[in-house]
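Residue strings, one per chain:
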Amino acid sequence: MQTYLETPSECFSDLKDYPFSPNYISVGEFKMHYVDEGPKNAKETLLLLHGEPSWSYLYRKMIRPLSEKGYRVIAPDLIGFGKSDKPTDIQTYTYKNHVDWLKNFIIGLDLQNITLFCQDWGGLLGLRAVAELDSRFARVCAANTFLPTGDIPPKEDFFKWLRFSQEVSKLPVGKIIQNGCVSKLSPDIIHAYDSPYPDESYKAGARKFPTLVPISPDNPETERNRQAWMFYKNFKKPFITMFSDGDPITKGGDIFFRRTIPGAKGQKHTVIQGAGHFLQEEKGELLAELLSEFIRNNP
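Going by the annotation in an unreviewed UniProt entry, the name recorded for the protein chain is Alpha/beta fold hydrolase, with Leptospira selangorensis given as the source organism.

Tell me about the UniProt feature "domain: AB hydrolase-1" (unreviewed entry) in the protein chain, and name the residues and values.
In this numbering, the UniProt entry assigns the feature "domain: AB hydrolase-1" (unreviewed entry) to residues 45-161. As a span, residues 45-161 carries 35% helix and 21% strand, and end to end its C-alpha atoms are 33 Å apart.

Tell me about the environment of phenylalanine 294, and name the residues and values.
For phenylalanine 294, the position within the fold is in helix α10 (residues 279-297). Owing to a relative accessible area of 2%, phenylalanine 294 belongs among the buried residues under this scheme.

Tell me about the pattern of salt bridges, and please be specific about residues and values.
Enumeration according to the criterion identifies 24 salt bridges in this entry. Glutamate 132 is the salt-bridge partner of arginine 128, the closest N and O atoms lying 2.9 Å from each other. With arginine 128 and glutamate 132 both in helix α3 (residues 121-132), this residue pair falls four residues apart, about one helical turn. Shared partners join several salt bridges into a network, and the residues in it are Lys103, Arg128, Glu132, Glu221 and Arg224.

If you had to explain the layout of surface pockets to someone new, which residues and values would you point to?
Considering only enclosed or pocket space, the largest pocket measures out at about 1200 Å³ in volume. Looking at the largest pocket, it is lined by 49 residues, and the ones nearest its centre are Pro154, Lys155, Phe158, Ile249 and Thr250. Elements represented by at least two residues in the lining of the largest pocket include exactly α3, α4 (156-167), α5 (173-179), α7 (204-212), α8 (222-232) and α9 (253-260). Per element, the largest residue contribution to the lining of the largest pocket is five residues, and it comes from α4.

Give a detailed account of the packing of aromatic side chains, specifying residues and quantitative values.
Within the structure shown, the criterion is met by 29 aromatic pairs. Relative to phenylalanine 159, the ring of phenylalanine 158 has its centre 6.1 Å away and its plane inclined at 70°; by these criteria the two rings are edge-to-face. Three or more aromatic residues joined by ring pairs form one cluster here, namely Phe146, Trp229, Phe231, Tyr232, Phe235, Phe239, Phe243, Phe256 and Phe257. In this structure, lysine 83 is placed above the aromatic ring of phenylalanine 12, and the distance from its NZ or CZ to the ring centre is 5.1 Å. The ring of tyrosine 95 is capped by arginine 128, whose NZ or CZ atom sits 5.2 Å from the centre of that ring.

Pulling in residues and values, what's your account of the pairing of strand β5 (residues 72-76)?
Counting buried positions over the five residues of β5 gives five, a clear majority of the element. Burial along β5 is two-sided: the residues Arg72, Ile74 and Pro76 and Val73 and Ala75 are all buried. Pairing of strand β3 (residues 30-37) with β5, which is carried by four bridges, proceeds in the antiparallel orientation. Its bridge partner being in β5, tyrosine 34 is matched across the sheet by proline 76. With three bridges connecting them, strand β4 (residues 45-49) and β5 associate as parallel partners. Along β5, the bridge assignment pairs threonine 45 with arginine 72. In the classification by handedness, the crossover that spans β4, the intervening helix α1 (residues 60-68) and the parallel β5 is right-handed.

Reading the values: the criteria
Residues numbered from 1 in each chain as written. Predicted model: local features only at pLDDT ≥ 70, side-chain atom pairs only at ≥ 80, totals over all residues. Heavy atoms only, no water. UniProt positions renumbered as here; feature names shortened; annotations may be inferred. Helix = DSSP H or I, 4+ residues; strand = E, 2+ residues; numbered from the N terminus. Buried < 20%, exposed > 50% of the residue type's maximum accessible area, 1.4 Å probe, protein only. Salt bridge = Lys/Arg side-chain N within 4 Å of Asp/Glu carboxyl O. 1 Å grid on protein atoms, 1.4 Å probe; cavity = no way out; pocket = protein on both sides within 12 Å on 5 of 7 lines; lining within 4 Å. Points joined across faces, edges and corners; volume = space filled by probe spheres on them. Phe/Tyr/Trp six-rings, centres within 6.5 Å; stacked < 30°, edge-to-face > 60°. Lys NZ or Arg CZ within 6 Å of the ring centre and 35° of its normal. Pairing = 2+ DSSP bridges. Right-handed = clockwise from strand over helix to strand, strands pointing away.

If you want it as structure tokens, here you go:
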């Protein structure tokens, strides 16, 4: 039996603009938390996947307007993040385990007719889930993310982030979110991003994620990601990109998606102006409207 930490509930008291009731489901040995807003019997289900080192709080500006349009909106916290269980053994956090936890989550809730919105590691995991659970998904929106195989070396900005994440004595989660934004965040918002992690022992998942990105062809998940790309070369379901203009790490990745994936042809791809890596934090309301428009245009 693996040991894990649960962030005390009082750490999440009085979070700014995050009034959502908690929901939990077991995915293997651990519990995954998720926000579930809107009608449970809605025709359309929106799955919003966060990345590193954020949590579902990142989607608070999108959840309400989308659920008010009648969509079922689900925003989970990945294992090790937010209100989900946080295994203490850092070796538990593998790319494969994260994919499996996500697939168990989708199957456990029996989600169907899903429109995926994925950013950062939400794409590295969510795009794999689409490839492996294709029949459950209707559409995909990729934002500031990629599906790396290690065949193309990442940019120097990524290597700087990788070194920082492994060498810094205390991982400053809230400040990392701030540094990934163009606009200045208020102290209460930075506090909200820090809230799942009372001390460093809660940050094993956040510490591990940067090291799991396939940056060379010998990564254990490289072959599965290559297989996923073969899947996407024949993916004809609607696929749209919403990358920001201020993210040096993922800039240009949207072009690769648009050129490779048949379902991306003819879609209204958007470059979000005035936003950094965490574009949901800065332009969440706009993203919600664009996502809703994407669904309406691709019934």
